[in-house]
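# Examining the three-dimensional arrangement
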Amino acid sequence: MSSLVLLDHVDKVRRTVAAATRREHKSELGQFMTPSAVARFMASLFADNDVKTARLLDAGAGVGSLTSAFLDRWSNGGFGFSHVNVTAYEIDRHLLGHLDNALSAHAGHLPLDWSIHAEDFIEDAVNALQFGLPAGGRHTHAILNPPYKKIGSHSNHRLLLRHLGIETVNLYSAFVALALSLLTQGGQLVAIVPRSFCNGPYYRPFREFILARAALRHLHLFAARNRAFRDDGVLQENIILLLEKGTDQGNVTVSQATDGDFADLETDIVPFERIILADDPEQCIHIPTSRQIDPIKDSSAFRHSLADIGIEVSTGPVVDFRLREHLRDVPEAGTVPMLYPCHFSGGVLTWPKAEARKPNALMRNADTEKWLYQNGYYTVVRRFSSKEERHRIVASVASPRAIDSPVLGFENHLNVFHCDKRGIPEEMAHGLATYLNSTIVDRHFRRFSGHTQVNVADLRRMKFPPRDALLALGRWAMAVGAPTQEEIDRKVEDMA
C-alpha cells in the first residue's frame, strides 16, 4: 500500500472514530482530530534541510493523521532523510491500536522506527527536560494538533509547567511550549492551534516564551472559523504556525484560505515588524490577511486612545447568576432595567423585551446598588458575535429616551463605554458606535484579535479618531437616522 493510500485510509479511520466517539469524551480530552487535507498542508511547511535522520515528535497523535502526512511527504521525495524515528504520544487508549496500525503500515515500505507512549505528555516532557534530556534537545521535527482544554490554576499540570518557566492557561499552548523545548537547535515545529494565543494578557507569557526561543517562519489563517474541524462542529478560529528553534528572525510567510480544502490559498511574505509591532509590550501577534494597507494602523487620523478622548470601557458589571434572586422577568415596583445583548438589535435599545428569554429587570437594593450605572447615553458592544453576523464588533447605543429610570444594570456579556459609570455625550455615543461598526475597524480588529469574542482589553488597545471627529461622526449618524453599512464605511474611510 503506497504512503498516499495509507494517509487516505488513516483519514477514513479518523472519520469513523470521530463519529463514534461521544462528545463528552472529546471534551474531556480536548480532542479534535486532524483532517487529511489539513495534515498534508502542515507537513508541507517543513523545510527540506540536510538532516539525515529525522526524529519526529507527534504529541497528541490520535490515529496518526499528522505523522502519516509527514511520512507521506517523505515517501514522495519531499524530504531527503535516510531514516525517520517517530515518537508519538496518545493518552486515549481507544486510539492506540489505530495509531500502531498506521505506523506499522508505513514501516512496511520506509526505513522507520517508532515508539508510542500512552503516558501524559506534559508529565513525561517535564521530567525529561528536568532530569534526562541530552544537551541540545531530542527531536528535529515536531508536528502537533494539541488538545484544547483549560489548565486549572492549581492543577498538577500548572505546577509542573512552572518548574520550566512555562506559565500558560491551556493544554494546547503547554504542548507547543514543551515540544519547542524538546527540539534541537534549528529544529522545526508545525502546529495547528486556536488563534486565541495571539493576543490578550493570559497568553502573554506563552508568547514571550516561544518568541524568545524560536523564529516565527509561517502563519496560516483559516478565514472561516467553523471549517478547519467541521467534522467536529468546532466554532473556533484556528491558525497553523511554523516555528524554528534558535535561529534569527526574518520575514514571515503569511497564508490564508477559507477552509481546510485550501482551494483559495493566498500567500504573502510579510516583514516581522508587521506581525509584532516594535512598540508593543504585549507582543501581540498580528496576522495581515491581505496586501492592502490597514487604514487604522497606517493612518495618522486614527492615533488616539480612549484615555485621549476621555472615555472608559468596562465589562458590564452585573453577573446574573450571582444576583439570580434579585432578577425579574418583567419590571415591577422597586426594579430597574436590566440590559442584556438581546435588548440591542440594529444598533438601538429595545426594552423591555417580552419575548426575550432573559430577565428584563433587577431589584434595586443594598445587594445590587454598587453594580448599577446612572441612566444616560452609552455605547455598548456585545462580547460575543453570532455566526451569521458579518462583523466581530457589533456596537449599539443605549439611550435614556428608551428607559424611564435613574439607574440601570448592564449584564456581563456587554462591554460598556462610559465616563465614571455615567453616560457620555449623545453625539459621542453615536460616533463611537458608528466608528466601531465600520468595516475597516472590523478588519483591523481581526488582524490582532484571535478571540471569537470582544474583550475589554482588546477595545482599550484600539486606536480612535480624535474626540472632535467622533462627535462630528455622531452628529452625522444622528442626522442620517439609520445609515447603511455602505454609508458608514464611506464616511469612516473619508476620515482616514
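It should be emphasised that the depicted structure is a prediction, and the values quoted were computed from it without experimental measurement.

Moving on to the sheet that holds strand β16 (residues 373-374). Spatially, the 5 strands line up as an open sheet ordered β11-β15-β12-β19-β16, and their pairing is mixed. In this open sheet, the two strands that pair with only one neighbour each are β11 (327-328) and β16. Bridge count between strand β12 (residues 335-339) and strand β19 (residues 407-410): 2 bridges; the pairing is parallel. What sits directly across from Met 338, in β19, is Gly 409.

So, on to the packing of aromatic side chains. Two numbers describe a pair of aromatic rings. These are the distance of the centres and the angle of the planes. If you walk through the whole model with that rule in mind, you get 17 aromatic pairs. When the centroid spacing of 5.6 Å and the interplanar angle of 40° are considered together, the rings of Phe 302 and Tyr 435 count as tilted. With a gap of 133 residues between them, Phe 302 in the loop between α11 (295-298) and β10 (312-315) and Tyr 435 in helix α12 (residues 426-436) connect regions that are remote in the sequence. Between the aromatic rings of Tyr 373 and Phe 410, the centroid separation amounts to 5.6 Å while the plane-to-plane angle is 70°, which identifies the pairing as edge-to-face. With Tyr 373 in strand β16 and Phe 410 in strand β19, the pair connects residues that are 37 residues apart, well separated along the chain. Take Tyr 373 and Phe 410: they sit in the same class, and that class is buried. The side chain of Arg 73 reaches across the aromatic face of Phe 79, ending 4.0 Å from its centre. A cation over a ring is seen here: Arg 213 above Phe 209, with NZ or CZ 3.6 Å from the ring centre.

Considering all chains together, one arrives at 11 salt bridges under this definition. When the shortest N-O distance is used, the salt bridge between Arg 195 and Glu 237 registers 3.5 Å. Placement of the pair is Arg 195 in the loop between β5 (183-194) and α9 (204-213) and Glu 237 in the loop between β6 (214-222) and β7 (238-245), with a sequence separation of 42 residues. Taking relative accessible area as the criterion, Arg 195 reaches 1% and is therefore assigned buried. Note that Glu 244 is salt-bridged to Arg 217, the shortest N-O span being 3.0 Å. Taken together, the positions of Glu 244 in strand β7 and Arg 217 in strand β6 put the pair 27 residues apart, joining distant regions of the chain. One continuous salt-bridge network, built from bridges that share partners, spans Arg 158, Arg 162 and Glu 167.

Rules of the game
- Residues numbered from 1 in each chain as written.
- Predicted model: local features only at pLDDT ≥ 70, side-chain atom pairs only at ≥ 80, totals over all residues.
- Heavy atoms only, no water.
- Pairing = 2+ DSSP bridges.
- Helix = DSSP H or I, 4+ residues; strand = E, 2+ residues; numbered from the N terminus.
- Phe/Tyr/Trp six-rings, centres within 6.5 Å; stacked < 30°, edge-to-face > 60°.
- Buried < 20%, exposed > 50% of the residue type's maximum accessible area, 1.4 Å probe, protein only.
- Lys NZ or Arg CZ within 6 Å of the ring centre and 35° of its normal.
- Salt bridge = Lys/Arg side-chain N within 4 Å of Asp/Glu carboxyl O.

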